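The residues making up each chain are set out below.
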Amino acid sequence: MCGYTNWENMLRLQRCLKGPALETVRSRLVLPAVVPQVIETLRMRYGRPELLINALLERVRNIPPLKHDKLEGLIEYGLSVQAFCDHIVAANEHAHLSNPMLLQELVGKLPADQKLMWAGYKRSLGVVDLKTFSDYMECIVGDASSVVLFESERSKSRGYVHSHTGDDADDQPLAVHKQIECSFCKEVGHRIRECQGFRNLNVDERWRKIRAMSLCQNCLFNHGRRSCRSSSRCNIAGCQFRHHPLLHSTRQRAGLPTQLAESHTHRYLGSSVLFRIVPVTLYGQTGVVNTYAFLDEGSSLTLIEGDIAEQIGASGTIQPLCLRWTGNTSRIEETSKIINITVGGVGSEKRFNMINVRTVSSLNLPSQTFRMEEAVKQFGRLKQLPIKSYKNAVPRLLIGLDNLNLSVPLKSREGKGEGPVAVKTRLGWCVYGKQSLGVANQYNLHVCECSSNKDLQDAVKQLYELEEVGVGNVTLRSKEEQRALDLLEQTTVRVGEKFETGLLWKDDHTKLPDSCSMALRRLECLERKMACNPVLKENVHQQIREFVDKGYIHKATEKELKAANPQRIWYLPVGTVVNPKKPGKTRIVWDAAAKVKGVSLNSVLLKGPDQLVPLLGVLFRFRQFKIAVCSDVKKMFLQILMRETDKHSQRILWREVPTRDPDIYLADVATFGSTCSPASVQFVKNKNAREHSDQFPRAAEGILQSTYVDDYLDSFGSEEEACRVSNEVRQIFRNGGFQLRIGFQIIKKF
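Let me begin by describing the structure that accompanies this report. Quick caveat: nothing in here was measured; it's all calculated off a predicted structure. (Residues numbered from 1 in each chain as written. Predicted model: local features only at pLDDT ≥ 70, side-chain atom pairs only at ≥ 80, totals over all residues. Heavy atoms only, no water.)

Regarding the overall build of the chain
Stage number 1. Each helix and strand in the chain was counted, giving 21 helices and 32 strands.
Stage number 2. Counting over 750 residues, the chain shows a buried share of 40%.
Stage number 3. Excluding contacts between residues fewer than 6 apart, the proportion of contacts in the chain whose partners are at least 24 apart in sequence is 68%. (Helix = DSSP H or I, 4+ residues; strand = E, 2+ residues; numbered from the N terminus. Buried < 20%, exposed > 50% of the residue type's maximum accessible area, 1.4 Å probe, protein only. Contact = heavy atoms within 4.5 Å.)

Listed below in structure tokens is the structure:
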């Protein structure tokens, strides 16, 4: 009806089916030609009108009794009744509309005032049925909707869990963007899984894209280090790997390692720590549940898992909630509800009311085991306390500071040495603190679904590079590598005896966040380090002065600062590194990997194509003849000029006196820390050599084929040839702005 092909419908079925419905047709979800038969089978098993009517009826019945002051619940109930009746009419099952017992059941959920209004409504109609009641609820829903604020118009509450509030700017509620933006094409209105540009890529390119954008392979979202909540699997042709169907490849069936998971197993040997948890009983309108409560004085709110709230029949209004932890880690609960519940200690008759409790999808609190008998043997102060042992207890209720009266200590028992503390609260006794009790032969397994086997991939890549030495040179470039190569061709120009180039941006419309405060903090950290080490301070200051004198960096003028593109401004933190093999020598680096709001300069730059010649080939040619020549380029990266528009993406904060405001410097050359600098340097080196290939063919060939990074290694049959070519190589490098260190060393091999 909608123009989908059998192949597209098969993918849609594989993506949406689960449980018994999937098992019914799993074996047939292979050939697109049988999709009509699959749909007919599903319609026969699950598409019967009476089944759908019963499902809609159960949905209406599961709605809790309505309250006169909760118009949102009245709207939800009215819409469910309308959907139920509309489906009965659409399925031509009109007999259900005349069921008086069903009508009485539906009317019974209304508040008393609404029942009176319904009685007045039906008085003038004579015979009424479910359709009449549906029309009445339609009027009620319309009236209620005109005075109730919708969810999109409500502001989000905000809670802090295990956190300390910062300054006023940081305490403002996080803005929630309702517009959907594609991570791939940056257009608004669709997600990456629906992006046609992303779908046009082959599977390998899709994998590279999601890794570059740090997206989860399972849900194609960026949820940081948090584990993916989606439990779906690929299911294409029976594939049970946890990746999105768009990332499925037929090569996976051939045994290639495609599941990106890391497994870290360790044996538990040391002591553990008991958190402050206590067994409690939750009371609601429809049930009673026993669980464990986590008494947390670092949380400003009381939180409960949503499925526990449903079990006890606790209902409330939906209001999105933003949770924030230390390190600016945040999480948004879009369907969080504000509910009121009653809690008490297990076996106690005392009950306490907790208001404005917020529901969350999952607390993900750690499980805990406590053996009272073993604890009493080790810590005599715990004798005769009414505390029971528990095993693998997982708290599903977190009591915060808004209900502090339930966690305040009334009595306590503690010892002089190390060990746990026993505290009596209004919910009962609990033991927490450091304990020396361990569980023998316990193993913990941690699985990260979003990581990749990068080391293994690099090793395989190096293996193939070794195998290719001397065989051939076939270059297949990805779209990213081709874009980087095009940018190098467009931006690299000769300026006198040197070359000028630009940064290799992943996107032409990249917008960088404000990084000035981050760079300032790093500068202050370096200043504190130098204050404790006068030798380091003098070394760093001397190198900065040399950078300025040699034209590597310069102090920005007011005119330059005003002319900068505000979306491409980035501050590089100043850092120092020391090589253990070169004691006493300190090198200054610009940290292009430093992040602000998850973005670094390197994260928006392309690495560029690999232009290095194989090292084994260089070594083979170095050993080919009896006269060997070697030399290296002095400060190769610093000889490449940076184009004017990209200098503001390499700003540097520096000052020699910590008490005054830092000055802004611009890096005029390629920086050693940028991910695109190696590719830019190799491109300039090769471009310069090719410009001299007609005048000095042997020397240009030596630079192109016998230079690895900045080391030139070559061999010749005679000293005369070695001297002549060496002088030509020196001349070619000099014409590109490069200086060979201490000339050449000629080695005679016998």
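Focus: the sheet that holds strand β21 (residues 553-555)
Stage number 1. The strand order across the open sheet built from 3 strands is β21-β29-β28, with neighbouring strands paired in antiparallel fashion. At either margin of the open sheet sits one strand with a lone partner, and together these are β21 and β28 (651-654). Strand-to-strand twist of the sheet, defined as the mean angle between neighbouring strand axes without regard to direction, takes the value 35 degrees.
Stage number 2. Across 4 bridges, β28 lies against strand β29 (residues 663-667) in antiparallel orientation. Paired with I652 across the strands is Y665, a residue of β29. (Pairing = 2+ DSSP bridges. Axes fitted to C-alpha atoms, helices over the stretch in contact; angles between N-to-C directions.)

Concerning the environment of T501
Stage number 1. Relative to the helices and strands, T501 is located in strand β20 (residues 498-501).
Stage number 2. Classification of T501 by relative accessible area gives buried; the value is 1%.
Stage number 3. Those residues in contact with T501, other than ones at most four positions away along the chain, are L488, T491, T492, I640, L641, M642, R643 and S680.
Stage number 4. Within the local environment of T501, its side chain forms a polar contact with the side chain of T492, the two groups lying 3.1 Å apart. (Polar contact = N/O pair within 3.5 Å; in protein donor to acceptor, adjacent residues only side chain to side chain.)

Some points on the packing of aromatic side chains
Stage number 1. Tallied over the entire structure, the rule returns 13 aromatic pairs.
Stage number 2. Note on F184 and F198: the rings are 5.9 Å apart at their centroids and 65 degrees apart in plane angle, and the pair reads as edge-to-face. Taken together, the residues F184 in the loop between β1 (157-160) and α9 (196-199) and F198 in helix α9 connect sequence positions 14 residues apart.
Stage number 3. Judged by relative accessible area, F198 falls into the buried class, the value being 0%.
Stage number 4. With a centroid separation of 5.8 Å and an interplanar angle of 40 degrees, the aromatic rings of F275 and F294 are classed as tilted. With F275 in the loop between β3 (272-274) and β4 (277-283) and F294 in strand β5 (residues 288-295), this pair connects stretches of sequence that are 19 residues apart.
Stage number 5. For F275, a relative accessible area of 39% translates into the label partly exposed.
Stage number 6. Since its relative accessible area comes to 8%, F294 is described here as buried.
Stage number 7. Through a chain of ring-to-ring contacts, the aromatic side chains of W118, Y121, F133 and Y136 assemble into a single cluster.
Stage number 8. A cation sits over an aromatic face here: R568 above W505, 4.1 Å from the ring centre.
Stage number 9. Looking at R587, its charged tip hangs above the ring of F672, at a distance of 5.4 Å from the centre. (Phe/Tyr/Trp six-rings, centres within 6.5 Å; stacked < 30°, edge-to-face > 60°. Lys NZ or Arg CZ within 6 Å of the ring centre and 35° of its normal.)

A closer look at the nonpolar core
A general feature of soluble globular proteins is that nonpolar side chains tend to end up buried together.
Stage number 1. Counting residues in each nonpolar core, the largest one holds 71 residues, and the members touching the most others are I544, F547, W590, L601, W654 and V729.
Stage number 2. Those residues in contact with L601 that lie beyond four places of it in its chain are W505, W570, L572, A592, A594, S649 and S674. (Core = buried A, V, L, I, M, F, W, Y, C linked by side-chain atoms within 4.5 Å.)

Quick look at helix α21 (residues 719-735)
Stage number 1. Taking 1.5 Å as the rise per residue, α21 with 17 residues should run 24 Å; its terminal C-alpha atoms sit 24 Å apart, in good agreement.
Stage number 2. Listed as buried for α21 are A722, V725, S726, E728, V729, I732 and F733. Mapping the buried residues of α21 onto a view down its axis gives an arc of 170 degrees, with all of them on the same face.
Stage number 3. Buried positions along α21 lie against β26 (627-632), α19 (677-691), α20 (697-705) and β31 (711-716). (Expected span 1.5 Å × (residues − 1). Arc of directions from axis to C-beta.)

What to know about the sheet that holds strand β19 (residues 493-495)
Stage number 1. Strand order in the open sheet made by the 3 strands is β19-β20-β27, with mixed pairing throughout. The sheet is open, and its two borders are formed by β19 and β27 (641-642), each paired with just one other strand.
Stage number 2. Strands in contact with α19 are β19 and β20; relative to β20, the strand with the most contacts, it is inclined by about 135 degrees.

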